[in-house]
Amino acid sequence: MMSGELESANVDLPGSLSDYDSMLLSPMFDDTEAPQEIRQAEMSDAVTSAGSVSDLMPPYLSSFSTTSTQQSSHFELDPAYHQMWLTPQASKTPQTYSSRGSAPSESPRCRSDSPRMSLNQQSSSWDSSQRSLSPFSIDQQMITTSNSQLTSANLLQIYHDVLEHNLSCWLSDITCPYQPESRNTPHITPELGSSRYNMIYQRTIRLDRVAQTCKILHLTPAEDQAASKALHFTIMAFATQWAQGSRRHHEKYPTRPFGGGEEEIANGLADEFDRILQHHFWDQAQRALQQVADLESYRVACAEMIFGLTQRPWNPGNRSHKQGIEEQGHEFATDSLLSKLHDIINKEGPPVYLERAVRKIHALKYRCDTLKNGLGKQFRSRGKGDPGIEAMSAEHRDTIGLLYWMAIMSDTLSSSMNERPVVVPDQDCQHEGQKEIQQAENIDRSVGRSRWNLNLFLQGNLKQTRRTHWPCSYEAAAEDVIKSAPVKVLMFRHLSYIQNAIRKGTPEDQIEETLQMTISLYEYWNRTHGAFFSELVQNYSEVPKRIQGWFLCISAHWHLAALILADLLELIDENALGMDGPTHIRLTSQVARGMRMHSARELADLARVGTMPTINGNSMSMPRMPEFHHAVNEGSLLTEPWTMILIRAFTKACMAFLGEADEPLSYLETTLVHNSDDFERNIEQAEVCMKGLWLLGKKSDMAQEIAETLSLALGELRKGCIV
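Residues numbered from 1 in each chain as written. Predicted model: local features only at pLDDT ≥ 70, side-chain atom pairs only at ≥ 80, totals over all residues. Heavy atoms only, no water.

**Overview of the overall build of the protein chain**
Now for step 1: When you go through the protein chain residue by residue, the secondary structure sums to 28 helices and 4 strands.
Now for step 2: Buried positions account for 56% of the 723 residues belonging to the protein chain.
Now for step 3: For the protein chain, the exposed area adds up to about 30,100 Å²; of that, 49% sits on carbon and sulfur atoms. (Helix = DSSP H or I, 4+ residues; strand = E, 2+ residues; numbered from the N terminus. Buried < 20%, exposed > 50% of the residue type's maximum accessible area, 1.4 Å probe, protein only. Areas by Shrake-Rupley, 256 points an atom, 1.4 Å probe, with all protein chains shown as cover.)

This is the structure in structure tokens:
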């Protein structure tokens, strides 16, 4: 299907994902004897006669979201998706759910007057109503489908408000280094409100269709269906991270001491609907991706990318923080705590899905470039009259560049953060303008001759001093934030250069050259985007909501990179891996420590403005981001799609503050004595970072466990210190 055809199709949710969800969440559609057309017609009549769909919303869905389905009713879906799930096999409830008991839903006739009625009570009420209705009755089908439609609408709005919201900043024509033509500054649109356009999703679908028409992709009908299945399962798995209709979503900071017992956690989460939804969609998405693991398709690569950002929901039995703290003997010990935190983060495993996505997008771009330049004709099975790659429109070629940039960004951040090799080496992901630069400059003697050209990716030079100031127009602020995204990626790329230099035992002068390039980039950020972002933090309540989410996420990414750089500097200087002169200067000036504490303080400020303000331990009633979905509007931190980055950033910042607090001012006999003001200031900053992790814990089991582990360690630090 070509671009114009797909753009004209405005597919409403009730005819798409919601049909599929009805079959996922309930076995009510196992009526294989009735023709599909008859069942759909009966369902349509029943829903029409029922009146408002919102009246059918059970409490567990209303607590999950208060947003009208009209706000996300136009989610343009892959047309192949419509008929995908209309088979008897797809309608069966998975065995894992039948073992849990009855479906956690509720009949509208059995609503409780109390919105806080426990989910077990809701399930019991729903069960009795289910038994009173025939599983094939029109009323039963209507109720199930209506509930599923609401679930789909909410999940798709979350997907938009989180992932597409950030991609609209990160993937811009003016900053993409892989666009074939130079770009002018685009028109920056203000808040989108109820008009929700999912750019990357829709452009990926269109590109995949056109690539098949141009014979770049060769998919059988079954493979085409499997690709769509994988993409939509991963979107649902991604969105259910925020599907918190549970006790954890409603609790206020702090309603109970960190580090509650495992039995309490297990009892509180075992049978709640949101947990069932999270585990179910994560498992389904994983299985769908396994089925297309060897399939090269833009939809599959996009699905793997999204799944790579999705944190796996944990089972209660995986939580072991309390035992780990007890093994420390109730004493604060930095090394033991770091080891424990490392073990928690490692539960996530290696970033295999991200790396698979990057390889596929790289291979697809390689194939397109090969065909565009007239090569690879012997491998094409192009029939007479079939359009070639030259039939692709400018939008499709631009989409190839944008998806490639998304892959390179993810690869760069993931490799540095996880200390793994990049999937795409520098020579294969240079800026489009690199050839001209190499011809104009004599850089053959430079150790970085095959590395990214800083000035090209910066669209300027490292000595620039001009910057944006607040207050400014929406367009000026948006442009500054958009242009900061490549700078962040450059920093992470340089971290991988330093990591590789250390790993390979590179000569001292080359390590110093790499360090100087990285520090120059660090100073450039502080003069430009960093200075502007500090002003945005100071005037946070005045900043447009869309800009709040954009700059906070990019700033947190940057400061994680700065914290990693501080660790690398410390490693190089303490082990004499660099040249003597610069090393001595850095050690005497405490460059690494200063860099670490600066970024830690900046992250604490981001945690403070990015979480819901509290009064006497209770969150204020007004959401920070009312234009966003209910599940993400408690703070800008919840709009971060790559949760792992914020977890690592706030964890490292918190450890920096705890380490500073643990530094004694002097010894009094055998007791450590600390400076009162410095100690309390560091503890307060550490607690702010823990609050950020606690908020992330609403959608991340890892963040919650790390917050509890750090809170227990902070308590032990307080007990062991005389202030």
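There's plenty left to go through after this.
**Overview of the nonpolar core**
Now for step 1: Residues Trp405, Trp452, Leu658 and Leu710 are the most contacted members of the largest nonpolar core, which totals 179 residues.
Now for step 2: For this core, the leading source of residues is helix H23 (residues 545–574), giving 17 residues.
Now for step 3: With near-sequence residues (within four places) excluded, Leu710 lies in contact with Leu337, Leu341, Cys654, Met655, Leu658, Met690 and Leu693. (Core = buried A, V, L, I, M, F, W, Y, C linked by side-chain atoms within 4.5 Å. Contact = heavy atoms within 4.5 Å.)

**What about the confidence of the model for the protein chain?**
Now for step 1: Summary statistics for the protein chain give a mean pLDDT of 76 and a share of 63% for residues scoring 70 or more.
Now for step 2: In the predicted structure, residues 189–196 sits below a pLDDT of 50 and forms 18 contacts with residues beyond four places in sequence or in another chain.
Now for step 3: Overall, residues 259–271 carries pLDDT values under 50, and its contacts beyond four positions in sequence, including any with other chains, amount to 17 contacts. (pLDDT = per-residue confidence, 0-100.)

**Considerations on unusual backbone geometry**
Now for step 1: Look at the link from Trp470 to Pro471: it is a cis peptide, with omega at 5°.
Now for step 2: Among the structural elements, Pro471 can be located in the loop between helix H19 (454–458) and helix H20 (474–504).
Now for step 3: Its identity as a non-glycine residue notwithstanding, Glu419 has a phi of 55°, on the positive side.
Now for step 4: Looking at the element boundaries, Glu419 is found in the loop between helix H17 (394–418) and helix H18 (434–440).
Now for step 5: The phi dihedral of Ala576 is positive, around 55°, even though this residue is not glycine.
Now for step 6: Here Ala576 is to be found in the loop between H23 and helix H24 (580–589).

**Brief notes about the packing of H23 against H24**
Now for step 1: Axis separation between H23 and H24 bottoms out at 10 Å; the angle between their running directions is 120°. The angle between H23 and H24 places the two elements in the oblique class. In the packing of H23 onto H24, the handedness of the crossing is left-handed. Between H23, through Leu569, Ile572 and Asp573, and H24, the contact on the second element is made entirely by Thr583, Arg586 and Leu587. (Axes fitted to C-alpha atoms, helices over the stretch in contact; angles between N-to-C directions. Parallel < 35°, antiparallel > 145°, perpendicular 65-115°, else oblique. Left-handed = near helix turned anticlockwise from the far one by under 90°.)

**A short note on the environment of Ala357**
Now for step 1: As for its placement among the helices and strands, Ala357 is situated in helix H16 (residues 352–372).
Now for step 2: Distance in space between the C-alpha atoms of Ala357 and Ala407 is 7.3 Å, their sequence separation being 50 residues.
Now for step 3: Setting aside chain neighbours within four positions, we find Ala357 in contact with Ala301, Glu304 and Met305.

**Concerning the packing of aromatic side chains**
Now for step 1: Applying the stated rule across the entire model yields 15 aromatic pairs.
Now for step 2: Their ring planes at 70° and their centres at 4.9 Å tell us that Tyr178 and Tyr404 sit as a pair that is edge-to-face. Remark: Tyr404 occurs in helix H17 and Tyr178 occurs in the loop between helix H7 (138–170) and helix H8 (199–213); sequence separation between them is 226 residues. No difference in accessibility class separates Tyr178 from Tyr404, as the two residues are buried.
Now for step 3: Measuring from centroid to centroid gives 6.4 Å for Phe233 and Phe281, while their planes differ by 55°, and the two rings are tilted. Linking Phe233 in helix H9 (residues 221–239) with Phe281 in helix H12 (residues 273–291), this pair joins segments that are 48 residues apart in sequence. (Phe/Tyr/Trp six-rings, centres within 6.5 Å; stacked < 30°, edge-to-face > 60°.)

**Quick notes on the pattern of salt bridges**
Between side chains of opposite charge, a pair can form as their charged atoms come close.
Now for step 1: Scanning all chains against the criterion turns up 24 salt bridges.
Now for step 2: Residue Arg356 pairs with Glu304 through a salt bridge whose shortest N-O separation is 2.8 Å. Of this pair, Arg356 sits in helix H16 while Glu304 is found in helix H13 (residues 298–308), placing the two residues 52 residues apart along the sequence.
Now for step 3: Look at Glu304 and you get buried, because its relative accessible area is 0%.
Now for step 4: Residues joined in a network through salt bridges with shared partners are Asp208, Arg209, Asp224 and Arg299. (Salt bridge = Lys/Arg side-chain N within 4 Å of Asp/Glu carboxyl O.)

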